[in-house]
Amino acid sequence: MTKTTTSAPVLGIRALNRATLDRQLLLRRSGLSAKAAVGHLLGLQAQNVKPPYYALAARLDGFIPEALSELMADREVVRIVTMRSTIHTHTAEDCLTLRPLVQPARDRELTTFRKGLEGVDLDRLAVLARELVEAEPRTMKQLREALLAEWPDADPQALAVAARCRLPLVQVTPRGLWGRSGQVALTTAEHWLGRPAESGPAPDATVLRYLAAFGPAAVKDMQTWAGLTRLRDVFERLRPQLRIFRDENGVELFDLADAPRPAEDTPAPPRFLPEFDNLLLSHADRTRVVPKQYWGRSWQGNQAYCTLLVDGFLAGVWRLTADTLVVEPFDRLTKEQREEVTAEGERMLATLHPGTPYDIRFGTVVPH
């Protein structure tokens with residue numbers, strides 16, 4: 001630990017929590033547009049269709065799902081694999097720049113499939129796959145079958161993964177539109193957006209944007225968010241213009257000099273978040289949002305639950321049935337907390353499901 005780190009101010013868990021919630025637009029609803037919010041947050045986790053809509057409903061004042069759906073239909077936002085090899089909803093601008101930034105991680109991912117790609121010329125595969133998906137959008141099944149005809153001895157799944165890793169493939173609409181359905185069909189970002197991909201942004205600029213959305217943060221936090229390694233040199237280059245803190249364990253934290261860091265007793269209203277919300281996935285140390293006693297409680301196997309924040313921290317899970325919003329807390333809520341959670345649930349339902357009657361029911365406390 002350096003002398004600078006040992007002399008840096010300490011930010012406790014609640015101070016980190018409030019700062020992160022503020023950057024994530026979760027302390028109070030923001031007046032940003034849907035597009036501006038997607039850009040500020042550096043994208044929204046989007047393995048499934050609905051989570052980005054729930055994520056913005058929790059963060060924006062006056063949000064309506066059609067606002068995001070229209071952006072997607074107009075190709076101003078897209079669904080593409082980027083950080084952590086997962087699908088994110090990004091602005092078109094970020095799609096064309098952040099994807100090149102994380103390309104080294106996609107290249108590393110591809111090495112895990114090398115056994116199934118023996119004898120495959122990956123450069124030729126990329127050219128052929130591009131021709132296929134730009135001729136018309138293709139499903140992964142169609143892409144596998146077409147590539148397998150060229151390399152019949154290769155592993156079909158590995159061929160499709162190789163195409164996804166080597167090319168910036170976006171999911172075309174109607175997939176992702178609110179209230180619509182559609183299978184996953186892919187084309188290149190350049191073809192869909194009608195302009196070429198740009199070179200990756202300077203990592204310095206992305207570090208600053210990450211801190212604006214997720215800070216204060218350690219180097220390992222951003223590496224977790226991006227799925228990248230070796231970012232220490234970038235933070236060191238930026239050190240003179242950043243504020244330096246440390247957490248209660250002595251880990252060095254970086255932050256923008258003028259970023260908001262609210263008092264730790266700042267009220268944090270309840271929020272209903274979708275499964276895989278970036279708030280819970282974008283730090284190496286998640287205790288700023290997830291109390292240690294609740295680690296692993298929002299997952300079961302490969303299934304992630306929609307999550308509930310109370311007083312800024314993970315406090316339970318929730319699900320929507322045909323006619324009921326079921327809230328399952330991890331511990332007993334006070335009468336005031338239940339009333340606040342109910343009011344927030346009513347607001348979420350009115351935003352995303354207006355005119356549809358739902359009951360709100362508190363399930364039994366989810367056991368440890």
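Residues numbered from 1 in each chain as written. Predicted model: local features only at pLDDT ≥ 70, side-chain atom pairs only at ≥ 80, totals over all residues. Heavy atoms only, no water.

J.: Would you mind going over the pattern of salt bridges with me for this structure?
T.: If the charged atoms of two oppositely charged side chains come close together, the side chains can form a pair. A full pass over the atoms with the stated rule returns 28 salt bridges. A salt bridge links R232 to E236; the shortest N-O distance between them is 3.1 Å. In this pair, R232 and E236 both sit in helix α14 (residues 232–238), four residues apart, roughly one turn of the helix. Judged by relative accessible area, R232 falls into the partly exposed class, the value being 38%. (Salt bridge = Lys/Arg side-chain N within 4 Å of Asp/Glu carboxyl O. Helix = DSSP H or I, 4+ residues; strand = E, 2+ residues; numbered from the N terminus. Buried < 20%, exposed > 50% of the residue type's maximum accessible area, 1.4 Å probe, protein only.)

J.: Mind showing me how you'd approach empty space enclosed by the protein here?
T.: Taken as a whole and assessed by the stated rule, the structure comprises one cavity of 30 Å³ or more. Lining of the largest cavity is provided by L44, Q45, P51, A55, R59, P274, F276, D277 and N278. Of all elements in the fold, only β1 (44–45) and α4 (51–57) reach the threshold of two or more residues within the lining of the largest cavity. Split by residue class, the lining of the largest cavity holds five nonpolar, two polar and two charged. (1 Å grid on protein atoms, 1.4 Å probe; cavity = no way out; pocket = protein on both sides within 12 Å on 5 of 7 lines; lining within 4 Å. Points joined across faces, edges and corners; volume = space filled by probe spheres on them. Nonpolar A, V, L, I, M, F, W, Y, C, P; charged D, E, K, R; others polar.)

J.: Help me understand the nonpolar core in this model?
T.: Note on soluble globular proteins: their nonpolar side chains tend to be buried together. Counting residues in each nonpolar core, the largest one holds 33 residues, and the members touching the most others are L56 and F63. For this core, the secondary structure elements donating two or more residues are α3 (34–40), α4, α5 (65–73), β11 (306–310), β12 (313–320), β13 (324–329) and α15 (335–352). Excluding anything up to four places from it in sequence, F63 contacts A34, Y53, L56, A57, L68, T351 and L352. In terms of nonpolar packing, the next biggest core, distinct from the first, is built from 27 residues, L42, L101, L231 and V234 among them. (Core = buried A, V, L, I, M, F, W, Y, C linked by side-chain atoms within 4.5 Å. Contact = heavy atoms within 4.5 Å.)

J.: What is the right way to read the pairing of β12 from this model?
T.: Across a regular strand the side chains alternate sides, sitting on one face of the sheet and then on the other. Among the eight residues of β12, six are classified as buried, and the element is accordingly described as predominantly covered. Pairing analysis gives five bridges linking β11 to β12, with the strands arranged antiparallel. The residue bridging V310 from the neighbouring strand is F313, located in β12. The antiparallel pairing of β11 with β12 creates a hairpin that spans two residues between the two strands, and D311 there sits at a positive phi of about 55°. In terms of strand pairing, β12 meets β13 through five bridges, oriented antiparallel. Paired with V317 across the strands is E328, a residue of β13. (Pairing = 2+ DSSP bridges.)

J.: Got a minute to help me understand the side chain of R99 in this structure?
T.: Its location among the elements puts R99 in helix α6 (residues 92–101). Buried R99, no salt bridge; nearest opposite-charge side chain is D107, N-O distance 6.9 Å. A polar contact is formed between the side chain of R99 and the backbone oxygen of V81, at a distance of 3.3 Å. Dropping the residues within four chain positions of it, R99 is found in contact with I80, V81, T82, D94, R106, R164, C165, R166, L167 and P168. (Lys, Arg positive; Asp, Glu negative; His and termini not counted. Polar contact = N/O pair within 3.5 Å; in protein donor to acceptor, adjacent residues only side chain to side chain.)

J.: Can you help me understand helix α13 (residues 219–226) in this one?
T.: Residue pairs spaced three or four apart in an α-helix point in one direction, given the helix's 3.6 residues per turn. Here α13 lies mainly inside the structure; six of its eight residues are buried. Buried residues belonging to α13 abut α12 (203–214), α14 and β7 (252–256). Phi turns positive, to about 75°, at G227, one or two residues after α13.

J.: Explanation requested: the packing of helix α8 (residues 122–135) against helix α9 (residues 140–150) in the structure shown.
T.: Helix-helix packing is described using two parameters, namely the angle between the two axes and the distance between the axes. Closest axis-to-axis distance for the α8/α9 pair is 11 Å, and the angle between their directions is 135°. Taken as axis vectors, α8 and α9 run oblique relative to one another. Relative to α9, α8 is oriented so that their crossing is right-handed. Contact residues: α8 offers R124, L125, L128, A129, L132 and V133, while α9 offers L143, A146, L147 and E150. (Axes fitted to C-alpha atoms, helices over the stretch in contact; angles between N-to-C directions. Parallel < 35°, antiparallel > 145°, perpendicular 65-115°, else oblique. Left-handed = near helix turned anticlockwise from the far one by under 90°.)

J.: Which parts of the structure should I look at to understand the sheet that holds β12?
T.: The mixed open sheet is built from five strands, whose spatial order is β8-β11-β12-β13-β14. In the strand order of this sheet, the two ends are held by β8 (271–273) and β14 (359–362), each with one partner. Taking each pair of neighbouring strands and ignoring which way they run, the sheet shows an average axis angle of 30°. Against the sheet, α15 engages β8, β11, β12, β13 and β14, with an angle of about 145° to β14.

J.: Explain the layout of surface pockets to me, please; I cannot follow it from the model alone.
T.: The probe, sized like a water molecule, is rolled over the atoms to show the empty space still left. Its volume calculated, the largest pocket comes out at about 310 Å³. If you trace the largest pocket, you find 17 residues lining it, with D247, N249, V251, D285 and T287 closest to the centre. Of all elements in the fold, only α2 (13–23) and α13 reach the threshold of two or more residues within the lining of the largest pocket. Split by residue class, the lining of the largest pocket holds eight nonpolar, two polar and seven charged.

J.: Could you clarify how one ought to interpret the sheet that holds strand β3 (residues 87–91) in this entry?
T.: Within a sheet, neighbouring strands are paired by backbone hydrogen bonds and run either parallel or antiparallel to one another. Across the sheet, which stays open at both edges, the five strands sit in the order β1-β3-β2-β4-β5 with antiparallel pairing between neighbours. Every other strand in the sheet has two partners, leaving β1 and β5 (186–188) as the edge strands with one partner each. Relative to β3, strand β2 (residues 77–81) runs antiparallel, the two being bridged by five bridges. Along β3, the bridge assignment pairs V81 with I87.

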